[in-house]
Amino acid sequence: GLPMGLLLLILVAFITGMHSMISYNIITGDTLTKVFMRIQGVGPGNILTERHFVIMMSTLLFTLPLSLYKDIAKLGKVSLLSMLLTLAILITVVVRAATLGPQIPASDGAWVFARWNAIQAVAVMSFAFICHHNSFMIYGSLREPTLSSWSLVTHVSVGSAVLVSAVFAAAGYVTFTGYTQGDIFENYCRNDNLATFGRFCYGVSIITTFPLECFVTREVISNVFFKGELSNTTHVIITLVIVSAATALSLSYDCLGIVLELNGILSAIPLMFIFPAACFLKLSDGRWFRGENLIPSIILAAGVCVMIIGLIMMVLFPQDCSHGAEMFYCTVSNTSVPSTTSPNTGLQLMNATQNTSIF
């Protein structure tokens, strides 16, 4: 049988992939329903505004067919499309930070540097940067799988991800402060055309990312139960089971923030902080917290602390979730619009900026 350590690592990788697919489906349901609402003649009660229907259709038409590929390199062009869409989404969020942000009142204590529960954000940020579970598959797909080319790929990809994430976080929080939802597009009003374009790009980008996680979970099952060899029939059956399970779970729960936090605590933090540091210390002859073992020891201790504290805080202080409801600043009758203008004038300015289409 497989060593216990390897089994634990494989289990965490499997959980990461499943959690990611569930998260992606929730995002698809949240974003594309609001996109369809902007279509003429599609109103509340229409089947296109039902998140369950949208998730099912996106699964059957896009994510399942893409997930049936055997070679991860086949997804190269799809991943490129996802990157280009991410840039379009980033531009949308930055533009709205400048045009919509001043119209939304800041929450209480919005500019306090950090609160005592900031550790909850570490889990979500860890999930945002988790790529360890599919690194071997991506390495194997390189035209020249050498350490130098792999080093270039990892530094460029993670570096660009840090930059994009920082801009997203800053622009999003400046716009909505303490009202920011786990899915930032839940914050934008439904009649915002630019945000609708951003939602469309976001939904398509997420749909094209879903297959990468399916590849990982299928690879785990293949290695554990089939010694890495899958016939065409078994390949299709396992893919159907994985995608069906992820879809069923995403249909039963619709709050993204908690799913992201749970994934970060249970899988991202162990994969990023605990396992690599523990392996290094296990293979090292020196003592912990001495010499070259100092940094791995600190990383291991920090990972364990964040995992335990984050899990406790997630249970005691669960994140709020709007569940697709319009935010208070989107309602015409709301009087919480900043008092620098009259309520009606403020809403007119808001509507003017919201109806600016990227087209």
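Residues numbered from 1 in each chain as written. Predicted model: local features only at pLDDT ≥ 70, side-chain atom pairs only at ≥ 80, totals over all residues. Heavy atoms only, no water.

If you check an unreviewed UniProt entry, the chain appears there as Putative sodium-coupled neutral amino acid transporter 11 from Cyprinus carpio. Taken from UniProt, the Subcellular location (unreviewed entry) comment for the chain reads in full: "Membrane". Database annotation for the chain, UniProt heading Function (unreviewed entry): "Putative sodium-dependent amino acid/proton antiporter." (UniProt positions renumbered as here; feature names shortened; annotations may be inferred.)

## Focus on the overall build of the chain
Within the chain, the regular secondary structure consists of 11 helices and 0 strands. In the chain, the order of α-helices and β-strands from amino to carboxyl end is α-α-α-α-α-α-α-α-α-α-α. The C-alpha atoms of the chain give 22 Å as radius of gyration, which agrees with the globular expectation for 359 residues (21 Å, within 12%). Of the charged side chains in the chain, 16 are positive and 17 negative; the average position of the first set lies 4 Å away from that of the second. (Helix = DSSP H or I, 4+ residues; strand = E, 2+ residues; numbered from the N terminus. Rg over C-alpha atoms; globule rule 2.2 N^0.38 Å. Lys, Arg positive; Asp, Glu negative; His and termini not counted. Charge placed at Lys NZ, Arg CZ, Asp CG, Glu CD.)

## Comments concerning the state of the cysteines
With the rule as written, the count across this model stands at 1 disulfide. Disulfide pairing is shown between C189 and C330; the S-S distance is 1.9 Å. Of note, the bridge from C189 to C330 carries an S-S torsion of about -90° and is left-handed in sense. Residue C189 is located in the loop between α6 (147–176) and α7 (193–225), and its partner C330 is located in the loop between α10 (294–316) and α11 (343–354); the two are separated by 141 residues in the primary sequence. Taken as a pair, C189 and C330 share a single burial class, namely buried. For C131, which is in no disulfide, the shortest distance to another cysteine sulfur is to C279 and amounts to 16 Å. (Disulfide = S-S within 2.5 Å. Buried < 20%, exposed > 50% of the residue type's maximum accessible area, 1.4 Å probe, protein only.)

## Quick look at the UniProt feature "transmembrane region" (unreviewed entry) in the chain
The residues that UniProt annotates with the feature "transmembrane region" (unreviewed entry) are residues 52–69, 78–98, 118–140, 152–176, 196–216, 236–253, 265–283 and 295–317. Counting secondary structure, residues 236–253 comes out at 94% helix and 0% strand; the distance between its end C-alpha atoms is 26 Å.

## Comments concerning a nonpolar patch on the surface
On the surface, a nonpolar cluster with roughly 800 Å² of combined accessible area is contributed by W116, V304, I308, I309, I312, V315, L316 and F317. Among the secondary structure elements, I312 is positioned in helix α10. (Patch = residues over 30% accessible without salt bridge, like charges linked within 9 Å, V, L, I, M, F, W, Y side chains within 5 Å. Areas by Shrake-Rupley, 256 points an atom, 1.4 Å probe, with all protein chains shown as cover. Salt bridge = Lys/Arg side-chain N within 4 Å of Asp/Glu carboxyl O.)

## Here's the deal with unusual backbone geometry
Here the phi dihedral of T177 falls at roughly 45°; this positive angle occurs in a residue that is not glycine. Here T177 is to be found in the loop between α6 and α7. The phi dihedral of K227 is positive, around 55°, even though this residue is not glycine. Of note, K227 is situated in the loop between α7 and α8 (232–252). In this structure K227 comes out as exposed when scored by relative accessible area, which is 78%.

## Quick word on α10
Between its first and last C-alpha, α10 extends 33 Å over 23 residues, near the 33 Å set by a 1.5 Å rise per residue. Buried within α10 are the following residues: P296, S297, L300, G303, V306, G310, M313 and M314. Looking at the buried side of α10, the elements it contacts are α4 (119–128) and α9 (256–283). (Expected span 1.5 Å × (residues − 1). Contact = heavy atoms within 4.5 Å.)

## Brief notes about the environment of S79
Topologically, S79 is positioned in helix α3 (residues 76–99). Counting along the chain gives 133 residues from S79 to L212, while the straight-line C-alpha distance between them is 9.1 Å.

## Some points on the packing of α3 against α7
For the pair α3 and α7, interaxial distance at closest approach is 8 Å and the crossing angle is 150°. The orientation of α3 relative to α7 falls into the category roughly antiparallel. For α3 against α7, the interelement crossing comes out left-handed. For the pair α3 and α7, the contacting residues are V78, S79, L81, S82, L85, T86, A88, I89, T92, V95 and R96 in the first and L194, A195, F197, G198, C201, Y202, V204, S205, T208, T209 and L212 in the second. (Axes fitted to C-alpha atoms, helices over the stretch in contact; angles between N-to-C directions. Parallel < 35°, antiparallel > 145°, perpendicular 65-115°, else oblique. Left-handed = near helix turned anticlockwise from the far one by under 90°.)

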